[in-house]
Amino acid sequence: MNTKCLIIGGGPAGYTAAIYASRAALDPVLYEGMEPGGQLTTTTTIENFPGFPGGIDANKLMSDMRAQAVELGADVRTGTITAVDFDQKPYKVTVDVTTEIFADSVIIATGATAKYLGLESERKFRGLGVSACATCDGFFYRRKDVAVVGGGDTACEEATYLAGLCKKVYMIVRRDELRASQAMQERVKNTENIEILWNCNTQEVLGDESGVTGARLIRKDGEVFDIKIDGFFLAIGHHPVSDIFTKWVKTDDLGYIITDGVSSRTNVPGVFAAGDVQDPHYRQAINAAASGCRAALDAEKYLKGI
Ligand code: NDP
């Protein structure tokens, strides 16, 4: 099939791009992959998305964005993009290995995935105390004790953010130094209620039916000990989902797609990027939605030859 505008990704960036592209009569086709709703669906209530006093269930927010896109005319489909060919025009995109779609413009909104440690107990308590986003979930741990895993800028930023809300924040750092910038290190070290547990790895996240209650750590010298916590936050990095595009689309060293200034334009004319796949810094649903809007407006201009 042929489409004027193909949107890849079913998170806030993709759905918002679909809403705007539909209203601009671009008849967009959106592929939402195997995790409709994207990263947000791994959290519970969202209290910082404007317009929802009292908060909104993350899954409901995403299914409403999707419904709005469909209502306005977007053709939302399930399928994983397995290959692209941006050498030919219209651009060729392969879905689930077999279906080929030809698109005059493409909006990449494939997002990013947080890295996890890979522990069984971590999987078990995901959404029940295990989180990869302090800004999203920190509020639920006010005046409680939590831990942040990682020693990079993200971990330091999340630890200082949580320190403003929580009673105590442990940082679980696997080496005897932080990877973070000097300024962030200073900020962490000057925050009274952050305690860094050096040379420590997590063996197990502990919990019961109410959720996370602690973590079992092992220090480099072999000592095993438990800490009591209610929240376990991962901050060991993210993977932008950009691999299949990198033959054509320029990325930075970490794989984030590079866009031109404040626009969503990539180095390939007619190919745009929105949301976390091009944003290593803010990673918030509201920013992803806003950049999805920009991508649809940019695609509209491109298709009109403006
Ligand atoms: P980083 O890759 O910089 O840091 C990851 C951290 O997690 C490191 O301390 C690493 O340890 C640790 N880690 C990785 N895997 C494991 C594991 N399996 N178990 C335990 N610990 C682990 O990722 P960030 O997300 O922090 O930052 C990504 C980029 O974004 C960086 O360039 C950063 O500077 C930038 N950034 C900038 C910000 C700012 O300027 N305000 C804010 C946030 C990010 P080790 O050091 O031992 O490898």
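All of these numbers come straight from a predicted model, not from anything done at the bench.

(A) View of the overall build of the protein. Looking only at helices and strands, one finds seven helices and 19 strands in the protein. For the protein, the C-alpha radius of gyration of 21 Å lies close to 19 Å, the compact-globule estimate for 306 residues. For the protein, with 306 residues in total, the buried portion stands at 51%. Looking at the protein alone, contacts between residues at least 24 apart form 58% of all its contacts between residues at least 6 apart. Total accessible area computed for the protein in this model is approximately 14,600 Å², and 49% of it derives from carbon and sulfur atoms. Where the 32 positive side-chain charges of the protein centre and where its 40 negative ones centre are 2 Å apart.

(B) Representation of the packing of aromatic side chains in the model. Tallied over the entire structure, the rule returns six aromatic pairs. Plain terms: the ring middles of Phe86 and Tyr91 are 5.2 Å apart, the flat faces sit at 70 degrees to each other, and that makes the pair edge-to-face. Exposure class is identical for Phe86 and Tyr91. Each is buried. Measuring from centroid to centroid gives 5.6 Å for Tyr141 and Phe233, while their planes differ by 85 degrees, and the two rings are edge-to-face. Of this pair, Tyr141 sits in the loop between helix 4 (134-137) and strand 11 (145-149) while Phe233 is found in strand 17 (residues 231-234), placing the two residues 92 residues apart along the sequence.

(C) Structural detail: the side chain of Thr160. With respect to the helices, strands and loops of the structure, Thr160 is situated in helix 5 (residues 153-163). Among the polar contacts made by the side chain of Thr160, one reaches the main-chain carbonyl oxygen of Glu157 at a distance of 3.0 Å. With residues up to four places along the chain from it excluded, the contact list for Thr160 reads Met184, Arg187, Val188, Thr191 and Ile194.

(D) Local environment of the packing of helix 1 (residues 12-23) against helix 2 (residues 58-71). Orientation of helix 1 relative to helix 2, taken along the N-to-C sense of each, is 25 degrees, at an axis distance of 8 Å. For the element pair helix 1 / helix 2, the angle class is roughly parallel. Both helix 1 and helix 2 take part in a crossing whose hand is left-handed. Where helix 1 approaches helix 2, its residues Pro12, Tyr15, Thr16, Ala18, Ile19 and Ser22 are matched on the opposing element by Met62, Met65, Arg66, Gln68 and Ala69. In terms of residue class, the contact of helix 1 with helix 2 is made up of seven nonpolar, three polar and one charged.

(E) How the structure looks around the sheet that holds strand 11. The strand order 10-17-11-12-13 describes an open sheet built from five strands, whose pairing is parallel. This sheet does not close on itself; its edge strands, each paired only once, are strand 10 (130-131) and strand 13 (194-197). As judged from the four bridges shared by strand 11 and strand 17, these two strands associate in the parallel manner. In the sheet register, Ala147 faces strand 17, and the bridge partner there is Phe232. Docked against the sheet, helix 5 engages strand 11, strand 12 (168-172), strand 13 and strand 17, running at close to 165 degrees with respect to strand 12.

(F) Quick look at the site of the ligand. Taken together, 14 residues sit near the ligand, with Gly151, Asp153, Thr154, Arg175 and Arg179 positioned nearest. In this structure, an oxygen atom belonging to the ligand sits 3.2 Å away from a main-chain N or O atom of Gly152. One nitrogen or oxygen atom from the side chain of Glu157 is found 2.9 Å from a nitrogen atom belonging to the ligand. Bound to the protein, the ligand loses 71% of the 910 Å² it would expose on its own. Classifying every residue of the shell around the ligand by side-chain character gives four nonpolar, five polar and five charged.

Conventions and cut-offs
Residues numbered from 1 in each chain as written. Predicted model: local features only at pLDDT ≥ 70, side-chain atom pairs only at ≥ 80, totals over all residues. Heavy atoms only, no water. Helix = DSSP H or I, 4+ residues; strand = E, 2+ residues; numbered from the N terminus. Rg over C-alpha atoms; globule rule 2.2 N^0.38 Å. Buried < 20%, exposed > 50% of the residue type's maximum accessible area, 1.4 Å probe, protein only. Contact = heavy atoms within 4.5 Å. Areas by Shrake-Rupley, 256 points an atom, 1.4 Å probe, with all protein chains shown as cover. Lys, Arg positive; Asp, Glu negative; His and termini not counted. Charge placed at Lys NZ, Arg CZ, Asp CG, Glu CD. Phe/Tyr/Trp six-rings, centres within 6.5 Å; stacked < 30°, edge-to-face > 60°. Polar contact = N/O pair within 3.5 Å; in protein donor to acceptor, adjacent residues only side chain to side chain. Axes fitted to C-alpha atoms, helices over the stretch in contact; angles between N-to-C directions. Parallel < 35°, antiparallel > 145°, perpendicular 65-115°, else oblique. Left-handed = near helix turned anticlockwise from the far one by under 90°. Nonpolar A, V, L, I, M, F, W, Y, C, P; charged D, E, K, R; others polar. Pairing = 2+ DSSP bridges. Near = heavy atom within 4 Å.

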